[in-house]
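# Overview (structure and organization)
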Amino acid sequence: MGACLGKGRDQGDSDDIDFKAGNVHVITSKENWDEKIADANKDGKLVVANFSASWCGPCRMMTPVYAELSENYPSLVFLTIDVDELMDFSSSWDIRATPTFFFLKDGQQLDKLVGANRPELEKKLKMLAESSS
């Protein structure tokens, strides 16, 4: 399955993708992240964090899928972080390829998925949603 390992802006594909579709919250700062994680913890919700990049082909392919899944699993909190917008924060999560999905509960990592693998993402979400209900 696809994953981007480095900047690839030389394709001339400058149109931005809309990370905000569905029930996806776009993280714009570390403070914004802390707020969303705190809200999820308070509500007892699991968090799915998608570290992505607008120039990454596999990320672009997964964006509508992620939005659709966010609507299918309203009991989970879906976050998206643009690794170029929040480089230091993304580095603190040791992101080596995009997209990288983290699955969190109470701020702690439960699982991780690297790459644009829709069937595996759906499988993990289903398992997490069932375990949290």
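These lines cover the structure that appears in this document, whether it is placed above or below. (Residues numbered from 1 in each chain as written. Predicted model: local features only at pLDDT ≥ 70, side-chain atom pairs only at ≥ 80, totals over all residues. Heavy atoms only, no water.)

### Some details on the nonpolar core
Residues W33, F51, L79, I81 and W93 are the most contacted members of the largest nonpolar core, which totals 22 residues. For this core, the secondary structure elements donating two or more residues are helix 1 (30-43), strand 2 (46-52), strand 3 (76-82) and strand 4 (100-105). In contact with F51, other than residues within four places in its own chain, are I81, V83, F89, S90, W93, I95, T98, P99, T100 and F102. (Core = buried A, V, L, I, M, F, W, Y, C linked by side-chain atoms within 4.5 Å. Buried < 20%, exposed > 50% of the residue type's maximum accessible area, 1.4 Å probe, protein only. Helix = DSSP H or I, 4+ residues; strand = E, 2+ residues; numbered from the N terminus. Contact = heavy atoms within 4.5 Å.)

### Some thoughts on the packing of aromatic side chains
Within this structure, the stated rule accounts for ten aromatic pairs. With 6.4 Å between their ring centres and 50° between their planes, W33 and F51 make a pair best called tilted. Residue W33 is found in helix 1, and its partner F51 is found in strand 2; the two are separated by 18 residues along the sequence. Where F51 meets F89, the ring centres are 6.1 Å apart and the plane angle is 25°; that geometry is what we call stacked. Here F51 is found in strand 2, whereas its partner F89 is found in helix 3 (residues 87-92), with 38 residues between them in sequence. Like F89, F51 is buried. (Phe/Tyr/Trp six-rings, centres within 6.5 Å; stacked < 30°, edge-to-face > 60°.)

### Observations concerning the sheet that holds strand 5 (residues 108-114)
Within a sheet, neighbouring strands are paired by backbone hydrogen bonds and run either parallel or antiparallel to one another. If you trace the five strands from one edge of the open sheet to the other, you get 1-3-2-4-5, paired in mixed fashion. The two strands at the open ends of the sheet, each matched to only one other strand, are strand 1 (24-27) and strand 5. Neighbour-to-neighbour, the strand axes of the sheet open up by a mean angle of 25°, direction not taken into account. Across five bridges, strand 2 lies against strand 4 in antiparallel orientation. The residue bridging V47 from the neighbouring strand is L104, located in strand 4. Strands strand 2, strand 3, strand 4 and strand 5 of the sheet are contacted by helix 4 (residues 118-132), whose axis makes an angle of about 160° with strand 5. (Pairing = 2+ DSSP bridges. Axes fitted to C-alpha atoms, helices over the stretch in contact; angles between N-to-C directions.)

### What about the pattern of salt bridges?
According to the stated counting rule, one finds eight salt bridges in the structure shown. D111 is paired through a salt bridge with K124; the nearest N and O atoms lie 2.8 Å apart. Of this pair, D111 sits in strand 5 while K124 sits in helix 4, and the two are 13 residues apart along the sequence. The exposure class assigned to D111 is partly exposed, which follows from its relative accessible area of 23%. Here K124 falls in the buried class, since its relative accessible area comes to 11%. (Salt bridge = Lys/Arg side-chain N within 4 Å of Asp/Glu carboxyl O.)

### With respect to the side chain of S90
Positionally, S90 belongs in helix 3. Using a relative accessible area of 4% as the deciding quantity, one classes S90 as buried. In this structure, S90 is in contact with F51, I81, D82, V83 and I95, ignoring residues within four places of it in sequence.

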